[in-house]
Structures are given as structure tokens and as C-alpha cells.
Amino acid sequence: GEGRQEGRPDGRQDGGGRGEPRTLWGASDPRPPAAGPGQPSPQQRTETLGFYESDRGRKKKRSLSDLSLLRFISAELTRGYFLEHNEAKYTERRERVYTCMRIPKELEKLMFFGIFLCLDAFLYVFTLLPLRVFLAMFRFITLPCYGLRDRRLLQPAQVCDILKGVILVICYFMMHYVDYSMMYHLIRGQSVIKLYIIYNMLEVADRLISSFGQDILDALYWTATEPKERKRAHIGVIPHFFMAVLYVFLHAILIMVQATTLNVAFNSHNKSLLTIMMSNNFVEIKGSVFKKFEKNNLFQMSNSDIKERFTNYVLLLIVCLRNMEQFSWNPDHLWVLFPDVCMVVASEIAVDIVKHAFITKFNDITADVYSEYRASLAFDLVSSRQKNAYTDYSDSVSRRMGFIPLPLAVLLIRVVTSSIKVQGVLAYVCVVLFYCGLISLKVLNSIVLLGKSCQYVKEAKMEEKLFNPVMTATPGKPAGKQQSAFKSTQGISTDENGSTSVTNQPVHQKENTPSLLVTSNSDQFLTTPDGEEKDISQDSSELKHRSAKKDLLEIDRFTICGNRID
């Protein structure tokens with residue numbers, strides 16, 4: 001062809017020289033090369049491109065014409081998707097639903113166990129405490145007959161029992177000067193809004209005075225049992241004793257006002273006050289659900305709910321006693337009160353379930369945490385039964401839940417004695433039989449609780465802390481020195497082979513000793529996650545700041561986010 005050159009069999013041009021510019025066709029000649037055999041000509045290429053462009057335009061016009069409302073509806077009705085493409089997300093959502101469904105069962109199991117713990121501590125005041133006071137007084141009276149074999153006249157536990165008994169008796173007689181009927185008519189004459197505000201103020205005051213009251217009682221017990229070198233130092237018990245009496249008396253009056261307000265709500269004709277007071281429980285959901293909660297904070301809230309529910313049950317009992325007295329113990333009136341009582345109890349249970357369900361949902365807390373809380377409460381009961389326990393179980397419950405049985409017991413004794421008149425020999429026989437029944441109930445409840453507590457402690461694998469405490473190494477200090485110092489300071493008795501006595505319980509630790517850890521499957525169950533452990537010197541004799549990482553067993557009702565609020 002024309003495009004071929006001599007010496008080039010493929011017909012391609014070399015551009016005519018190194019310096020000549022090459023054209024689009026690969027040669028210096030501006031004319032396009034002729035089409036080879038089997039190749040389209042440039043004119044054919046132009047026609048093909050034009051055909052493609054016109055075909056693309058026709059398809060575009062056709063697609064625009066196909067856009068219609070019917071095709072859109074059809075696409076929406078037949079559109080599909082695959083959930084397995086985001087399997088992790090939907091699995092997590094399903095687990096959250098399962099957790100919310102498990103919350104009522106696990107929460108009520110904790111509540112049931114905690115309420116019986118409070119009942120055990122409450123019955124102790126009426127049953128075993130008078131007997132222990134009688135034994136302590138008998139020992140004190142008969143001690144000169146046997147001679148002084150010990151430096152102490154009474155054991156520390158006996159001193160505390162006598163103080164509790166004396167406070168109980170003094171406050172009971174002081175409550176006789178408070179007129180319940182006058183208080184009832186005074187509260188009944190107030191408007192509904194005022195009573196609603198008063199009831200809210202009483203709830204807040206009850207929590208505040210409980211946190212301070214337990215410290216007053218602890219200070220009294222320690223001041224009375226603290227080893228003293230001089231007899232003059234015993235005078236310091238007197239101001240602490242008067243402070244404790246004043247606290248128990250004021251707290252009993254506060255609970256009486258709460259019971260009176262609830263009684264007025266029950267006896268109101270339109271039940272509007274009762275409805276408002278019940279709606280106050282739902283306001284509690286708003287104040288707690290939308291806050292960040294860790295496991296330790298939820299434990300404190302659970303303890304508070306247990307204490308609040310048990311206190312409400314006692315208040316309802318007081319209301320029923322006062323109403324039955326006014327209607328001459330007519331059994332028919334009890335059925336009149338029964339719907340209102342069920343309404344209050346049901347609202348309390350529903351509010352607790354909803355509150356805990358949403359708190360666990362928003363904070364990604366599993367329902368298994370309530371079994372850990374139950375094991376922690378069971379550990380308190382088991383440790384209080386040890387030979388060298390450093391606190392009474394009722395005091396342990398008071399610190400853990402904020403439930404102080406003395407003021408509530410004073411009020412209940414005052415209401416029962418004023419509502420029920422004991423006359424005749426038969427009546428006193430019934431009182432003695434009733435007292436024996438209370439003792440039997442207390443012993444039976446204690447036996448069942450102790451058995452269940454041992455079971456829960458074993459399931460949580462907490463025996464190692466109960467029988468062989470394991471110390472955590474403080475940064476910068478070897479663990480061996482801490483364990484040796486712990487044994488020397490806590491006074492754990494060992495036999496000749498060096499084995500630790502099973503029946504001994506470590507004495508209450510001072511602030512400069514490291515915290516104990518429980519052998520548990522959950523690391524977050526042991527400590528608060530947002531704290532930093534502080535290095536505290538063991539030789540210091542002054543009180544130091546508490547470590548932010550706390551054992552769950554050391555957190556009581558009045559500890560929030562690792563910091564005690566008293």
C-alpha cells in the first residue's frame with residue numbers, strides 16, 4: 001500500500017528522522033494512514049462512535065421515561081436486605097433484650113435475700129438483744145463473786161449490747177411525750193401539695209440522718225470499748241452516749257412523721273394524696289436512669305432499694321395497726337386497706353424493675369451482676385459468724401444498706417404498746433407466747449440465711465478471702481512483706497505447722513492496710529475502674545485518704561464512686 005516504506009515490512013513509518021515531530025498517526029505525514037487489511041477505516045470508526053453516542057442517549061431517555069410512581073412503589077415493596085451482614089450488631093441488641101427480661105428475676109432474688117437480711121437484723125433487736133443485755137448485766141452483777149480474772153469487766157460485745165439496750169429504753173420513754181393523734185390531725189389539715197413536699201423532704205432527711213447516725217453509733221461503740229490507760233478517759237463516753245440517744249429519738253420522730261403522712265394518704269376520701277405519693281416513685285426513675293453507673297454504684301443503689309422497700313413494709317404495718325385500732329380491730333376494715341397496700345407495694349416493685357432494667361441497658365451491665373451483689377451480702381453474714389468477727393451482723397447491715405434498726409424498733413414498740421392493751425393473765429401469757437414465736441422466727445430465719453449465704457459464697461468462689469485472705473501488691477512494695485505485715489497486725493492465729501485457723505476472722509483493718517480482693521470471675525466486680533491506687537505507708541499512725549480502687553465488700557451505702565459522702 002501507500003503507507004508502506006521500503007525496508008519496513010510492517011508498513012510503519014519511523015518519523016523521517018530523529019528530530020522530526022511525530023503526528024497522531026505515527027508519521028510526519030499529516031494524512032491518516034490507510035486502513036490495513038481487516039481494520040476499519042477512520043470514517044467507519046467515526047460512524048461507530050456516533051452510533052454508540054446515539055444509543056447511549058436513547059437509553060438515557062428510556063431510563064428517564066421509566067421513572068414513575070408505580071415503579072418506585074414496586075421497588076419499595078420488593079426491596080430486600082440481609083441482616084447477617086451486620087451480625088455482631090443485631091446479636092448485641094438481642095442480648096440486651098434478654099438481659100432486660102432477666103432483670104426482674106435476678107433483681108427480685110437479690111431483693112428477697114436482702115429483705116430477709118434486714119428482717120434478721122430487725123428481729124435481733126426484739127429477740128436476742130434483750131437476752132444478751134440480761135446476760136451481760138448478770139455477768140456484771142455476779143463478777144465480784146468469781147473474782148477479777150480479766151482486766152475487762154465486760155467484753156466489748158457485751159458493752160455494745162448494754163448501750164443498745166439502754167438507748168432503746170430511754171428513747172421508748174421519750175417517745176411517750178410525742179402525741180401521735182395530734183401529729184395526725186396536724187398533718188391532715190395541710191393541703192395536698194404541702195403534704196407532697198413534706199413527704200419528699202422526709203425521704204431526703206431520712207437518708208441524710210441515716211448516714212450520719214450510723215457514724216454516731218460507731219463512735220459510741222468504739223469510745224466505750226477502746227482500751228484506755230486512765231480511768232478519766234472513760235468520761236468521753238458520756239457525750240457520745242447523749243448524741244446517740246438524741247439521734248435515735250430524732251430519727252424515730254422522723255419515721256413517725258412519714259408513717260403519719262402515709263396514714264393520712266390512706267384515709268383521704270379521693271385518694272389523690274396516695275396517687276401523688278406513688279407518682280413520686282416514678283420521678284425517681286428520671287433522676288437515676290439517665291446517669292452513668294458502674295457496678296459499684298449500682299450495688300449501692302440496690303442496697304438502698306432493699307432498705308427502702310423493707311422500711312416501707314414496716315411503715316405499712318404501722319399504718320394498718322393504727323387504722324385497725326381506730327376501728328376496734330374489725331377484720332372487715334383490713335380488707336378495705338388491702339387494695340391500697342397492694343397498690344403501694346406493686347408500684348414500688350414496678351419502679352425498681354424499670355429503673356434497674358434501663359440502668360443495666362444504658363450502661364452495658366449484665367444481669368449476672370446481681371448474683372455477685374447477693375454473694376457480697378452473703379459474705380457479710382458468714383464473716384459475722386466467725387470467732388473473731390470485728391462487728392456485729394446488725395451493724396454490718398447498717399453500714400452496707402443504711403438500714404439502722406434502732407429508730408424503727410423504737411417507733412414500732414411505741415405504736416404496738418399504744419395500740420394493743422394488755423390486761424389480765426391470759427393477755428400476758430399471749431405476750432410471752434408471741435415473744436417465743438418471734439425468737440423461733442429469728443432463729444429459723446438465721447439458720448436458713450446462713451445456709452443460703454454459705455451456698456452463695458461457694459458459688460462465687462469467695463472462700464479464699466474468708467479463710468485465707470489474699471493481699472494485693474501495692475505499687476513499689478513486694479507482696480511478701482505485705483502478707484507478713486498483715487499477719488502480724490491482724491493477729492491471725494496459726495498452729496505449729498503454720499496453717500491458719502479456719503474459725504478466726506481478721507480484725508477490722510486500719511486505713512493504712514491494703515485492701516482485700518475476692519477471687520471472682522469478674523475483674524470489675526472487685527474494684528472501681530476509674531480509680532488509681534495510692535501508695536500508703538504502713539508505718540503511718542494517722543488516718544490516710546482511702547484508695548480509689550475499693551473492694552466491693554468494703555463499699556457501704558454511703559459510698560459513692562469510691563468516695564465516702566459523710
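Residues numbered from 1 in each chain as written. Predicted model: local features only at pLDDT ≥ 70, side-chain atom pairs only at ≥ 80, totals over all residues. Heavy atoms only, no water.

Looking at an unreviewed UniProt entry, the chain carries the name TAPT1 protein, with the source organism given as Xiphorhynchus elegans. If you open the UniProt record of the chain and go to Sequence similarities (unreviewed entry), you find "Belongs to the TAPT1 family." (UniProt positions renumbered as here; feature names shortened; annotations may be inferred.)

### Examining empty space enclosed by the protein
Applying the stated criterion across every chain yields a total of six cavities of 30 Å³ or more. Lining the second largest cavity are 13 residues, and of these Tyr 199, Leu 262, Met 277, Asn 281 and Val 344 lie nearest its centre. Residue assignment for the lining of the second largest cavity shows that the elements contributing at least two residues are α7 (192–225), α9 (272–289), α10 (295–326) and α11 (331–362). Ranked by residues supplied to the lining of the second largest cavity, first place goes to α9 with four residues. In the lining of the second largest cavity, the residues fall into seven nonpolar, three polar and three charged. (1 Å grid on protein atoms, 1.4 Å probe; cavity = no way out; pocket = protein on both sides within 12 Å on 5 of 7 lines; lining within 4 Å. Points joined across faces, edges and corners; volume = space filled by probe spheres on them. Helix = DSSP H or I, 4+ residues; strand = E, 2+ residues; numbered from the N terminus. Nonpolar A, V, L, I, M, F, W, Y, C, P; charged D, E, K, R; others polar.)

### Description of the UniProt feature "transmembrane region" (unreviewed entry) in the chain
Mapped onto the present numbering, the UniProt feature "transmembrane region" (unreviewed entry) falls at residues 110–127, 161–178, 241–266, 403–420 and 426–451. Annotated as residues 241–266, this span is 100% helix and 0% strand, and its ends, taken at the C-alpha atoms, are 38 Å apart. Spanning residues 403–420, this segment combines 83% helix with 0% strand, and its end C-alpha atoms are found 27 Å apart.

### Notes on the packing of aromatic side chains
Tallying each qualifying case throughout the model produces 13 aromatic pairs. With a centroid separation of 5.8 Å and 45° between ring planes, the pair formed by Phe 358 and Phe 362 is classed as tilted. Here the residue Phe 358 and the residue Phe 362 both occupy positions in helix α11, the gap between them amounting to four residues, near one helical turn. Take Phe 358: its relative accessible area is 38%, and that puts it in the partly exposed class. Lying across the ring of Tyr 90, Lys 89 places its NZ or CZ 5.8 Å from the centre. Directly above the aromatic system of Tyr 456 lies the positively charged group of Arg 374, at a separation of 4.3 Å from the ring centroid. (Phe/Tyr/Trp six-rings, centres within 6.5 Å; stacked < 30°, edge-to-face > 60°. Buried < 20%, exposed > 50% of the residue type's maximum accessible area, 1.4 Å probe, protein only. Lys NZ or Arg CZ within 6 Å of the ring centre and 35° of its normal.)

### Focus: the nonpolar core
As a rule of thumb, soluble globular proteins bury nonpolar side chains together. Counting 105 residues, the largest nonpolar core has Ile 167 and Phe 266 as the members making the most contacts within it. The leading source of residues in this core is helix α8 (residues 237–267), at 17 residues. Those residues in contact with Ile 167, other than ones at most four positions away along the chain, are Leu 217, Leu 220, Phe 241, Ala 244, Val 245 and Val 248. (Core = buried A, V, L, I, M, F, W, Y, C linked by side-chain atoms within 4.5 Å. Contact = heavy atoms within 4.5 Å.)

### Topic: the pattern of salt bridges
Counting across every chain of the model gives 16 salt bridges. Between Arg 96 and Glu 92 there is a salt bridge, with its nearest N and O atoms 3.2 Å apart. Placement of both Arg 96 and Glu 92 in helix α3 (residues 87–126) is noted, with a separation of four residues, approximately one turn of the helix. Residue Glu 92 is classed as partly exposed on the basis of its relative accessible area, which comes to 39%. The salt bridge partner of Arg 102 is Asp 368, with a shortest N-O separation of 2.7 Å. (Salt bridge = Lys/Arg side-chain N within 4 Å of Asp/Glu carboxyl O.)

### As for the side chain of Lys 442
Locating Lys 442 in the fold gives a position in helix α15 (residues 425–459). Residue classification places Lys 442 among the buried positions, given a relative accessible area of 4%. Among the polar contacts listed, one links the side chain of Lys 442 to the side chain of Asp 120, at a separation of 3.4 Å. Those residues in contact with Lys 442 that sit more than four places away from it in its chain are Asp 120, Leu 123, Tyr 124, Thr 127 and Leu 128. (Polar contact = N/O pair within 3.5 Å; in protein donor to acceptor, adjacent residues only side chain to side chain.)

### Describing the environment of Met 201
Positionally, Met 201 belongs in helix α7. In this structure Met 201 comes out as exposed when scored by relative accessible area, which is 56%. The spacing of Met 201 and Gln 258 is 57 residues in sequence and 10.0 Å in space, taken between C-alpha atoms.

### Remarks on the packing of α3 against α10
Where α3 contacts α10, the axes come no closer than 9 Å and their chain directions differ by 60°. The pairing of α3 with α10 is recorded here as oblique in orientation. In terms of crossing hand, the pair formed by α3 and α10 is right-handed. Residues Glu 108, Leu 110, Met 111, Gly 114, Ile 115, Cys 118, Leu 119 and Phe 122 of α3 form the contact with α10, whose own contacting residues are Ser 302, Asp 305, Ile 306, Arg 309, Phe 310 and Tyr 313. By residue class, the composition of the contact of α3 with α10 is nine nonpolar, two polar and three charged. (Axes fitted to C-alpha atoms, helices over the stretch in contact; angles between N-to-C directions. Parallel < 35°, antiparallel > 145°, perpendicular 65-115°, else oblique. Left-handed = near helix turned anticlockwise from the far one by under 90°.)

### Here we look at the packing of α7 against α8
At a closest axis distance of 9 Å, the pairing of α7 and α8 adopts a crossing angle of 155°. If you check the angle between α7 and α8, you find them roughly antiparallel. For the pair α7 and α8, the crossing hand works out as left-handed.

### A closer look at the layout of surface pockets
Considering only enclosed or pocket space, the second largest pocket measures out at about 1200 Å³ in volume. Forming the walls of the second largest pocket are 30 residues, and the residues nearest its centre are Phe 126, Ile 413, Val 416, Phe 434 and Leu 438. Of all elements in the fold, only α3, α4 (128–146), α5 (156–175), α10, α14 (405–419) and α15 reach the threshold of two or more residues within the lining of the second largest pocket. Per-class residue counts for the lining of the second largest pocket are 28 nonpolar, two polar and no charged.

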